[in-house]
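One-letter residues, chain by chain:
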Amino acid sequence: CGGGFFNIIINLLRDLFDALCITYYKEQSMDQYLDDFSQKMAIKNFSMSTQKSYKGELKRFLSFCEQQNKPINSKVFQEYLFGLIKIKKLSEASLKQSIGAVKFFLSSLLTYPMH
């Protein structure tokens, strides 16, 4: 996976993250976030395989944030992606799946507020 791809994705998502100023609200559990996310994917008529993989990717990212006690923001997402690339040695296709899941999660927050 080239560094150019990683930098482009980070720059694109940074604006979205920072505009939202999202934090992981403790009054809503991860399961509630994932259930809302699943419903939004079903409304958008995502295939079952996409729903399954996106939900798994989002769950891993939210778990990372929760375990590290970190907010959901561009810096943390960059750290998470860096770990996927350098530590887990994920392919570009796998990275795109993770990015797509988090991007849809964030855009669904803008379209359909969860609070």
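The numbers attached to residues start from 1 for each chain and follow its sequence in the written order. Note on the predicted model: pLDDT of at least 70 is required for a residue's local features to be given, and 80 or more for side-chain atom pairs to be given and counted; whole-chain, interface and lining totals, by contrast, use all residues. Water and hydrogen atoms were dropped before computing side-chain values, which therefore reflect all heavy atoms in the structure.

## So, the pattern of salt bridges
Close approach of charged atoms lets side chains of opposite charge pair. Rule in force here: Each reported salt bridge corresponds to a side-chain nitrogen of Lys or Arg within 4 Å of a carboxyl oxygen of Asp or Glu. Starting at the N terminus, helices and strands are each numbered in turn, a helix being any DSSP run of H or I of at least four residues and a strand any DSSP run of E of at least two. When accessible area is computed with a 1.4 Å probe and restricted to protein chains, residues below 20% of their type maximum are described as buried, those above 50% as exposed, and intermediate ones as partly exposed.
In the structure shown here, the tally under the stated rule is 3 salt bridges. A salt bridge links glutamate 57 to arginine 60; its shortest N-O distance comes to 3.1 Å. Note that glutamate 57 and arginine 60 are positioned in helix H3 (residues 48-67) at a spacing of 3 residues, about one turn of the helix. The class for arginine 60 is partly exposed, based on a relative accessible area of 43%. With its nearest N and O atoms 3.6 Å apart, the salt bridge here joins glutamate 92 to lysine 96. Placement of both glutamate 92 and lysine 96 in helix H5 (residues 92-111) is noted, with a separation of 4 residues, approximately one turn of the helix. For lysine 96, a relative accessible area of 46% corresponds to the partly exposed category.

## Notes on the side chain of serine 98
The condition is simple: Here, residues are in contact when the closest pair of their heavy atoms is within 4.5 Å.
Relative to the helices and strands, serine 98 is located in helix H5. Not counting residues up to four positions away in its chain, the partners in contact with serine 98 are Glu57, Phe77, Tyr80, Leu81 and Leu84.

## Remarks on the packing of H3 against helix H4 (residues 74-86)
To keep things clear, this is the line we draw: Axis angles are defined between N-to-C directions and span 0 to 180 degrees, where every axis is a line fitted to C-alpha atoms and, for a helix, only to the segment in contact. Working rule for angles: under 35 degrees goes down as roughly parallel, over 145 as roughly antiparallel, 65 to 115 as roughly perpendicular, anything else as oblique. In this scheme the handedness of a crossing depends on how the near helix is turned from the far one: anticlockwise by less than a right angle means left-handed, clockwise means right-handed.
Direction vectors running N to C along H3 and H4 enclose 110°, while the axes themselves pass 11 Å from each other. For the element pair H3 / H4, the angle class is roughly perpendicular. H3 and H4 meet at a crossing whose hand is right-handed. Facing H3, whose interface residues are Glu57, Arg60, Phe61, Phe64 and Cys65, H4 presents Val76, Phe77, Glu79 and Tyr80.

## Some points on the environment of serine 38
By the secondary structure assignment, serine 38 is in helix H2 (residues 30-43). Distance in space between the C-alpha atoms of serine 38 and phenylalanine 105 is 9.7 Å, their sequence separation being 67 residues.

## Brief notes about unusual backbone geometry
The phi torsion at asparagine 45 lies on the positive side, around 60°, for a residue other than glycine. Within the fold, asparagine 45 resides in the loop between H2 and H3. In this structure, lysine 89 takes a positive phi of about 55° despite not being glycine. Looking at the element boundaries, lysine 89 is found in the loop between H4 and H5.

## Remarks on the packing of aromatic side chains
Which entries qualify depends on this criterion: Pairing of aromatic rings covers Phe, Tyr and the six-membered ring of Trp, with a centre-to-centre limit of 6.5 Å; geometry is then stacked below 30 degrees between planes, edge-to-face above 60, and tilted otherwise.
Tallied over the entire structure, the rule returns 9 aromatic pairs. Considering the side-chain rings of phenylalanine 64 and tyrosine 80, the 5.3 Å spacing of their centres and the 55° angle between planes classify their relative orientation as tilted. With phenylalanine 64 in helix H3 and tyrosine 80 in helix H4, the pair connects residues that are 16 residues apart, well separated along the chain. Taking the relative accessible area as the measure of exposure, tyrosine 80 reaches 7% and is therefore buried. Linked through ring pairs, Tyr33, Phe37, Phe46, Tyr54, Phe104 and Phe105 together constitute an aromatic cluster.

## Here's the deal with H4
Residues spaced three or four apart along an α-helix point in a common direction, a consequence of the helix completing one turn every 3.6 residues. Note the threshold: What a helix is expected to span follows from its residue count: subtract one and scale by 1.5 Å.
In this model H4 runs 18 Å from its N-terminal to its C-terminal C-alpha over 13 residues, within 8% of the 18 Å that 1.5 Å per residue would give. Considered for burial, the residues of H4 that qualify are Ser74, Val76, Phe77, Tyr80, Leu81, Gly83, Leu84 and Ile85.

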